Amino acid sequence: MDVVTVERLTKCYGRRVGVEDLSLRVPERMMFGFLGPNGSGKTTAIRVLLGFLKPNVGEARVFGFECWSKSAQIKAEVGYLPGDLRLPSWLTCREAVRLFGRVRRRDLTKTGGDLAEEFGLDPNVRVQAMSRGMRQKLGLVLALAHQPRLLILDEPTASLDPLMQDKLYGRLRAVVAAGGTVLLSSHTLNEVEDLCSRVAILRNGRLVADESLDRLRSQARRKVTIRWQSATDALRAPPPDGVDWIERGGLQWRGVVRGPMTNLLRWAAQQPIEDFTLESPDLAEIFRGFYV
Amino acid sequence: MLLACEMNLGLIQKAVRETWASTLSFAAGLFVFELLLGLILPTFQKEFSEKILQMEFIQRILAALLGAEVGKVLGPAIFSMIGWIHPLVLALIWAHAIVVCTRVPAGELDRGTLDVLLALPVTRTNVYVSESVVFIIASLLVVGVGLVGNVVGNRISGLERAGSLRQLSLVALNLFALSLAVGGLSSFLSSVCDRRGRAIGAAFAILLASLFTSSMSTFNAIVKSASVVSLLNYYRPYRILQEQSSPLGDMMVLLAVGTVLWVIGAVVFVRRDLRTV
């Protein structure tokens with residue numbers, strides 16, 4: 001079942017296009033990466049999903065409900081962390097959990113308290129006295145406390161230290177393992193690569209890729225480095241097919257493999273090579289390719 | 001009944017938490033001012049009537065302020081009324097209504113907290129209604145405390161009261177209706193503006209124009225005909241205290257204006273795109 005369905009969505013701000021003709025599906029129990037450079041339309045798409053913006057054309061559905069008209073029902077099962085999180089300055093974590101629980105008509109004290117403890121957040125400090133990282137942690141506590149079926153996170157690790165990032169990654173994996181779905185908007189490519197099983201990439205408001213990570217990896221080109229036993233061997237050896245050479249001279253050759261590896265491996269086995277290195281596919285390079 | 005369905009206890013708690021300090025400040029300000037006025041004014045009454053009020057110019061200014069002609073003798077009705085029509089009293093009531101009613105959505109948009117608020121499972125109508133309910137109660141409190149200050153001040157000073165407690169209460173209710181009308185106007189402006197400062201500025205500009213129109217209506221026929229659209233034209237303590245007329249008609253006009261603007265504001269808020277600025 002798809003948790004999020006976006007069909008031919010277009011949202012403009014006056015003459016400026018936010019997103020254009022966007023179609024997207026996010027299946028249940030998946031960590032879905034949402035990538036794109038600044039101004040590519042990620043936040044606009046998220047805002048449409050949350051019912052903040054009304055689409056000009058097309059429609060967006062979450063749990064089968066239309067996002068604009070059934071926004072309140074949808075948000076009962078959604079946890080959201082905005083990219084630029086702002087909270088009332090007088091709030092403490094304890095007050096926020098109690099208040100949000102009252103609005104949601106659920107007691108969040110236990111789960112909220114556990115999350116605050118896990119993230120190392122003092123429940124009695126006011127927002128005005130919190131660092132950016134602490135505010136981000138509070139935002140995460142509030143997004144996770146009601147155990148939502150769908151988590152929408154916009155740059156969740158932006159202000160977190162590496163230790164806290166790991167804790168969050170663990171928590172997100174647990175959400176998916178428990179049957180939840182995570183829509184993760186991020187600029188951190190490694191993060192998306194580590195966590196997500198599928199990614200959508202936006203550029204200038206348009207969807208330029210919507211692929212599983214495995215498929216993207218299979219499309220990625222591997223880098224090969226060969227170190228010869230002697231310069232004479234290197235001079236004598238005929239270069240194999242299927243490799244675009246970046247450097248070919250002296251004792252070391254470096255190139256990028258095109259297509260299947262079989263030819264290259266068979267060729268290498270017959271050469272007087274001292275060292276042969278194949279690097280794993282560089283997804284960051286692929287992402288950057290989509291960005292430019 | 002319909003409004004009760006749209007209320008959310010958590011949202012009301014949040015609104016109360018964010019407005020109680022300003023509401024108490026305005027209420028305390030009004031109480032102290034009414035009390036002081038009640039204590040101080042009697043010392044001027046005789047001298048004022050005998051000297052200053054004999055000047056035609058002063059009579060006209062008073063008439064402009066009160067919205068009614070005054071005689072050459074300053075009676076208790078007029079003195080009681082100063083506590084209700086003094087510009088500081090109006091400023092406090094207006095400022096309270098504007099400060100509270102421009103918080104959502106303009107204030108939340110402005111400070112960027114609307115994202116978190118609207119990510120909760122509530123409709124925009126829930127938010128708007130809950131905020132407005134808190135304002136209505138807060139406004140009643142501010143006006144009520146002002147009335148208590150007025151009565152206590154008069155009692156302590158021994159000033160002969162122009163009207164019964166019932167009449168003073170009617171004046172206070174008329175002021176409450178004015179406050180609700182200003183609240184409706186502010187809610188509407190808050191819904192159409194992305195910046196709270198703009199909403200506040202527009203509300204004050206409209207109210208100052210209203211004050212100007214009402215004040216100048218005794219001097220100029222054209223302004224007088226235009227004063228029908230001024231909110232202050234429907235707040236006339238003098239008529240209640242001196243002529244003992246009922247403020248029901250004036251209150252109905254103020255409540256109708258406030259309600260219409262409030263409903264338009266609600267419709268705009270529910271239908272508009274919301275982007276934090």
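Structural notes, computed from the coordinates.

## A short note on the overall build of chain B
Across its full length, chain B holds 14 helices and zero strands. Listing each helix as α and each strand as β along chain B from the N terminus yields α-α-α-α-α-α-α-α-α-α-α-α-α-α. For chain B, the residues scored as buried account for 53% of the 277 residues in total. Partitioning the intrachain contacts of chain B with sequence separation of at least 6 by distance along the chain shows that 80% fall at a separation of at least 24. Here chain B has roughly 12000 Å² of accessible surface; of this, 70% comes from carbon and sulfur atoms.

## Here we look at the overall build of chain A
Within chain A, the regular secondary structure consists of eleven helices and 14 strands. Computed over the C-alpha atoms, the radius of gyration of chain A is 24 Å, more than 25% above the 19 Å expected from 2.2 N^0.38 for a compact globule of 292 residues. If you line up chain A on its principal axes, its C-alpha atoms span 75 × 45 × 35 Å. Per-residue burial for chain A yields a buried fraction of 50% across its 292 residues.

## Some remarks on the packing of aromatic side chains
If you walk through the whole model with that rule in mind, you get seven aromatic pairs over all chains. With a centroid separation of 5.9 Å and an interplanar angle of 85°, the aromatic rings of W228(A) and W267(A) are classed as edge-to-face. Placement of W228(A) in strand β11 (residues 223-228) and of W267(A) in helix α10 (residues 262-269) is noted, with a sequence separation of 39 residues between them. Pair check on accessibility: W228(A) and W267(A) agree, each one buried. Look at Y128(B) and F269(B): their rings are 6.0 Å apart centre to centre, the planes differ by 35°, and that puts the pair in the tilted class. With Y128(B) in helix α9 (residues 124-157) and F269(B) in helix α14 (residues 248-271), this residue pair connects regions lying 141 residues apart in the sequence. Put simply, the rings of W228(A), W245(A), W253(A) and W267(A) pair up and form one aromatic cluster. Its end group placed over the ring of Y13(A), R275(B) keeps NZ or CZ at 4.0 Å from the ring centre.

## Observations concerning the interface of chain B and chain A
Each partner contributes residues to the interface: chain B has 28 residues there, and chain A has 27 residues. Between chain B and chain A lies a buried interface of about 2500 Å² when both sides are counted; carbon and sulfur atoms form 58% of it. It is R17(B), V116(B) and P121(B) that lose the most area in chain B upon contact with chain A, and together they represent 22% of the buried surface on that side. In this assembly, chain B and chain A are joined by three salt bridges. Across the salt bridge formed by D273(B) and K11(A), the nearest N and O atoms sit 2.4 Å from each other. Counting every contact that joins chain B to chain A gives twelve residue pairs in polar contact (both at pLDDT 80 or more). Elements with a contribution of two residues or more to the side of chain B that touches chain A: α2 (9-40), α8 (114-118) and α14 of chain B. Ranked by residues supplied to the side of chain B that touches chain A, first place goes to α2(B) with seven residues. When grouped by side-chain class, the residues that make up the side of chain B that touches chain A number eleven nonpolar, seven polar and ten charged.

## Observations concerning the nonpolar core
Counting 98 residues, the largest nonpolar core has F34(A), L49(A), V62(A), L138(A), I152(A) and V182(A) as the members making the most contacts within it. Sequence-distant contacts of I152(A), defined by excluding residues within four places in its chain, comprise I46(A), L49(A), L50(A), V78(A), G79(A), Y80(A), L81(A) and L183(A). The next biggest cluster of nonpolar side chains, apart from the first, holds 54 residues, and it includes F79(B), W94(B), L178(B) and L231(B).

## Regarding the sheet that holds strand β3 (residues 31-35) of chain A
Residue and element names in this part refer to chain A. Spatial strand order, β6-β7-β8-β3-β9-β10: six strands in an open sheet with mixed pairing. The sheet terminates laterally at β6 (78-81) and β10 (206-212), the two strands that pair on one side only. Each strand of the sheet is rotated relative to its neighbour by a mean of 15°, with strand direction disregarded. Helix α11 (residues 283-291) rests against β3, β9 (198-203) and β10 of the sheet, and its axis sits at about 30° to β9.

## Digging into the pattern of salt bridges
Considering all chains together, one arrives at 25 salt bridges over all chains under this definition. Taking the shortest distance from any N to any O, the salt bridge between R25(A) and E7(A) comes out at 2.6 Å. With R25(A) in strand β2 (residues 16-27) and E7(A) in strand β1 (residues 2-13), the pair connects residues that are 18 residues apart, well separated along the chain. For R25(A), a relative accessible area of 41% translates into the label partly exposed. Ionic pairing is found between E211(A) and R215(A), a salt bridge with its closest N-O pair at 2.9 Å. Salt bridges here are not isolated pairs; linked through shared partners, they connect K14(B), E18(B), R103(B), E108(B), R111(B) and E131(B).

## Here's the deal with α9(B)
The α-helix winds at 3.6 residues per turn, so residues separated by three or four positions along the chain end up facing the same way. In this model α9(B) runs 49 Å from its N-terminal to its C-terminal C-alpha over 34 residues, within 8% of the 50 Å that 1.5 Å per residue would give. Just past α9(B), the residue G158(B) takes up positive phi, approximately 80°.

## Concerning α10(A)
Residues and elements named next belong to chain A. Those residues of α10 that fall on the buried side of the exposure criterion are L264, W267 and A268. End-on view of α10: buried residues confined to an arc of 100°, all on one side of the axis. Opposite the buried face of α10, at more than 90 degrees from it, the exposed residues are R266 and A269. The inward-facing, buried residues of α10 contact β11, β12 (243-249), β13 (252-257) and β14 (273-278).

Conventions we followed
Residues numbered from 1 in each chain as written. Chains lettered and ligands numbered in written order. Predicted model: local features only at pLDDT ≥ 70, side-chain atom pairs only at ≥ 80, totals over all residues. Heavy atoms only, no water. Helix = DSSP H or I, 4+ residues; strand = E, 2+ residues; numbered from the N terminus. Buried < 20%, exposed > 50% of the residue type's maximum accessible area, 1.4 Å probe, protein only. Contact = heavy atoms within 4.5 Å. Areas by Shrake-Rupley, 256 points an atom, 1.4 Å probe, with all protein chains shown as cover. Rg over C-alpha atoms; globule rule 2.2 N^0.38 Å. Phe/Tyr/Trp six-rings, centres within 6.5 Å; stacked < 30°, edge-to-face > 60°. Lys NZ or Arg CZ within 6 Å of the ring centre and 35° of its normal. Buried area = accessible area lost by both parts, 1.4 Å probe. Salt bridge = Lys/Arg side-chain N within 4 Å of Asp/Glu carboxyl O. Polar contact = N/O pair within 3.5 Å; in protein donor to acceptor, adjacent residues only side chain to side chain. Nonpolar A, V, L, I, M, F, W, Y, C, P; charged D, E, K, R; others polar. Core = buried A, V, L, I, M, F, W, Y, C linked by side-chain atoms within 4.5 Å. Pairing = 2+ DSSP bridges. Axes fitted to C-alpha atoms, helices over the stretch in contact; angles between N-to-C directions. Expected span 1.5 Å × (residues − 1). Arc of directions from axis to C-beta.

In short, shape yes, function no, at least from these values alone.
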